[in-house]
Each structure stands twice: as C-alpha cells, then as structure tokens.
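Survey of secondary and tertiary structure
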Amino acid sequence: MNKFITTIKNIFAIEDLRMRIFNTLFFIAIYRLGSYVVLPGVDPNRLKQEGATGVLGILDTLLGGAFSHASIFALGIMPYISASIVLQLLTIAVPYFQKLQKEGESGRKKINQYTRILTIPIVALQSVGFIATINAEAIVNPGVFFTISTAMIVTAGTLFCMWLGEKITDKGIGNGISMIIMIGIVSRLPGALIGEGQARGMNGALLFLIELVLLFVVVMAVIILTQAVRQIPVQYAKQIGGAASLSSQRQYIPMKVNAAGVMPIIFAQSLMFVPAIAASAWNKNSDTATLIGTWFQPNHWVYNVVFGLLIIIFTYFYTAISVNPNQIADDLKRSGGFIPGVKPGRDTSEYIDDVLTRITLPGAVALAVIAILPSLATVAGVTRPFAQFYGGTSLIIMVGVVLDTMNQVKSYLLMRHYDGMMKTGKVRGRSQNIALAS
C-alpha cells in the first residue's frame, strides 16, 4: 500500500504526466457531459420509459447510455470504428492501400485521413437508422426537417467525439479513441452493481458476493488472455574483428496468443445483427421470420453457438492479415538474426506460421468463451446490465485500455527514474495489438 501511495505521488510529481492526466480527465468530462445532452425536438421524459435491448443494448453499453438517451453523441465513436475496419480490409484487397501501409508514418497519416473522411458518410447513414429507433411519441415535431437536422447534429457529434479522441491521444494518456469507448462502458458499471445488489436484496447477499468473486475471476482470465505470449527464441551474430561469431545474446519474438484483440468479436457481432434485422423487416406474421427472430436473440443457444464459431473463424482471419510471417522472416534475415535450429528464409517463415497457427486455436476458443459469458450469466439469473461486464467486447476493451494506460504511465515513471506501478511483473499494453478504434 505504501508503494502504491508513493507511486501516485511520483506520478503527480512529473509536470508533463500530471498535465496529461488533467487534460485526459477534462476531455472525458466533456464527452460524458455531451452524452446527456438530448437532441433538439426530443422529449427526454418519454425516453426514460424506453430501454435499448438485444443487440441495441450491447451498442448502448459501449456508448455509455448515449444511444438510449438520444443525445447529441448518440452514435459516439462507433462510425469511426466502422470506417477503421473498412480501411483495414482495404489494405488487404487494394494495392494502393497496401503501399500506404508499407510507407511507415507518412502512409499511416494518409490512412488515418481517409478513415476520417469515410466516417462522414458512414455516420450520416447510421444516423438515419438511429432516428428510426427513437420512440415516435418522444419526437415533438416529426417530419423531414427533424430527420435532416437530427442527422446533421448526430454527424457533428460523432466528428466532435473523434476530435476529442485525437486530443486525448496528443495531449493526454494512451489511445484516445479506445479511452472514450472504455469510459462509456465504465460509466455503466456503478448503476449495474447497484441494480444487481437491489435485485438480490438482503436474502441474496451471499449470491451477490459469489457473483462479484466470479467477475473477478473472469477479469483475471481476460488479463491472462491479453498478456499471454509465446516467445520464439532468436539469436543474432556478433561482429568481432569483422568475423561473425555465434556466441551472441539471445532474444525473443513475442507472439501474442490473442493477436487479433477484440476485432473478431466486433466482426462476428456485426454479422449477428443481420438475421435479427432481416427477421424484423420480413413478414412479421411468417413462422420462419418468427423462428429466425427467436433463434438470433443474444440469450438463445443458437445465437451463442453461431457467434462463438464466427469468433473462432474471424480470429484466424484477422491474425492472418495482421501478422505476416514472411515479413518477420525477411526482417530477421536482413538484421542477421535466426531461430536456432531453423534455416533463415522460407523455413523460418513456415516455422513462425506453424507456431502462430497452433497458439491461435486456444486463443480463439478462449475469446469465444469470453464473448458468450454475458449471455450465460443472463440465463443464470444475473441482471442484463451487470451481465454485460462478465465478458464480451466491454470487458476486453476495458482490460486492454487499462493495461495500455498503465504501460504509458510506467514509461513516464521509468524515464524519470521512478519505479513502476508494480514491483514485479510486466504489463504489456495493446499498442502492439489492435486497439479497437485505432
């Protein structure tokens, strides 16, 4: 405890770090305030009777309630996430974007600029769909003017959230986009805890305590999954008097067990929206539409089985496009490095690909289990808001952003010759991985 207090004092003793923390808190406060500013022409009193459920409930959790509040930040940063996913897929299929990706910092800036531009039409289209979800009785003067003005305000709100995220990245701590999403998720935690406690009452106090212990276990499991790596030994030849010597220091290539991060869940969840939307748009009196609509509800076993399989498939897919064994092998060969017992070049690439394939399977299965835990918790009797924190996108994003933030703070402390936040152990942030939204 004394070390923790000393670390906090050290953090605020560094002026640059202290200002970044204050800037981050300031930008977060602006975002949370905007999440409660209701759109013009919407009666907030009637919105209180409405609650986002199903897939929209998951979206509302990621947005910190801004969606159900019909606020000016109703879509938050999610359209920017969609644009980022599209650009990442284009870097696979389009040679121009592949070239930009290989240009380093300048190429990354151009891709970010294209992402910002693509965000505008995406949020414009999504805002029209959002308007359709607003309770008709809550709209004071429905019509074309309300639709156009609301779409413009929601679009401007998303662009402002995007700007806030970039400011947090430049003047604050960590990845601003991911930070905004995490804050939206964390803001729902106190209310979910209180609601679960009230639902259990005094008679269910022991059960509530067991739920908290299980939540702690799940969080620890997610941390282990996020941090887990398979180290591939690499040896570099020393240069001694112009001759190569093999008595060099051994290093390691850290291959993450969950190299795809949270992206497989996002991809899979996007596809799982389609059957429910199609069923609702189909003939509602049709038995087939009713059956599909029932199967693809988040708490149904068919939904969870398909969801889990899609996550495993997308984990392999996204790992394949984000980790290039050929490039790693070429970089090792150019730098004079080699894996002991493996020939440089093609054999090294095949070895790395084989290791990556083997470690991806347990990572994919673990990710699928974590993704469906909220549904299992709901079936077990946990209230829906609290069950969202038992896994899925929400928990993985929270853990990833917290680890990344701790890594950033640790870097500042070490640069000023202070101890880190923990005596032992290594904290690996998500900067090497895909940060939802970067």
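So, here is what we can say about the structure in this document. The structure displayed is predicted, hence computed values, not measured ones. (Residues numbered from 1 in each chain as written. Predicted model: local features only at pLDDT ≥ 70, side-chain atom pairs only at ≥ 80, totals over all residues. Heavy atoms only, no water.)

A word on the packing of helix H6 (residues 95–102) against helix H7 (residues 105–133). Between H6 and H7, whose axes approach to 6 Å, the crossing angle comes to 130°. For the element pair H6 / H7, the angle class is oblique. Facing H6, whose interface residues are Tyr 96, Phe 97, Leu 100 and Gln 101, H7 presents Gly 107, Arg 108, Lys 110, Ile 111 and Tyr 114. Looking at the contact of H6 with H7 residue by residue, the classes come out as five nonpolar, two polar and two charged. (Axes fitted to C-alpha atoms, helices over the stretch in contact; angles between N-to-C directions. Helix = DSSP H or I, 4+ residues; strand = E, 2+ residues; numbered from the N terminus. Parallel < 35°, antiparallel > 145°, perpendicular 65-115°, else oblique. Contact = heavy atoms within 4.5 Å. Nonpolar A, V, L, I, M, F, W, Y, C, P; charged D, E, K, R; others polar.)

Taking 1.5 Å per residue, 20 residues should reach 28 Å; helix H2 (residues 15–34) reaches 29 Å between its end C-alpha atoms and fits that length. Of all the residues in H2, the buried ones are Leu 17, Arg 20, Ile 21, Thr 24, Phe 27, Ile 28, Tyr 31, Arg 32 and Gly 34. Buried residues of H2 fall within an arc of 160° about the axis and therefore sit on the same side. Summarising the geometry of H2, the exposed residues directed more than 90 degrees from the buried face are Glu 15, Leu 25, Phe 26 and Leu 33. Buried residues belonging to H2 abut helix H1 (2–13), helix H8 (144–171), helix H9 (176–186) and helix H18 (392–415). (Expected span 1.5 Å × (residues − 1). Buried < 20%, exposed > 50% of the residue type's maximum accessible area, 1.4 Å probe, protein only. Arc of directions from axis to C-beta.)

The next point concerns the packing of aromatic side chains. Geometry of an aromatic ring pair is reported as the spacing of the ring centres plus the angle between the planes. Across all of its chains, the model carries twelve aromatic pairs by this definition. Ring geometry for Tyr 96 against Tyr 114: centres 6.4 Å apart, planes inclined by 70°, an arrangement best described as edge-to-face. Taken together, the positions of Tyr 96 in helix H6 and Tyr 114 in helix H7 put the pair 18 residues apart, joining distant regions of the chain. Overall, the relative accessible area of 41% leaves Tyr 96 in the partly exposed class. Relative accessible area serves as the criterion here: at 33%, Tyr 114 is assigned to the partly exposed category. Aromatic pair Phe 208 and Phe 386: ring centres 6.5 Å apart, planes at 50°, arrangement tilted. One end of the pair, Phe 208, is in helix H11 (residues 205–227); the other, Phe 386, is in helix H17 (residues 384–387), with 178 residues separating them in the sequence. (Phe/Tyr/Trp six-rings, centres within 6.5 Å; stacked < 30°, edge-to-face > 60°.)

What follows concerns the side chain of Arg 32. Along the polypeptide, Arg 32 turns up in helix H2. Residue classification places Arg 32 among the buried residues on the basis of a relative accessible area of 15%. Polar contacts involving the side chain of Arg 32 include one to the side chain of Ser 187, which spans 3.5 Å. Excluding anything up to four places from it in sequence, Arg 32 contacts Leu 63, Gly 64, Ile 183, Gly 184 and Ser 187. (Polar contact = N/O pair within 3.5 Å; in protein donor to acceptor, adjacent residues only side chain to side chain.)

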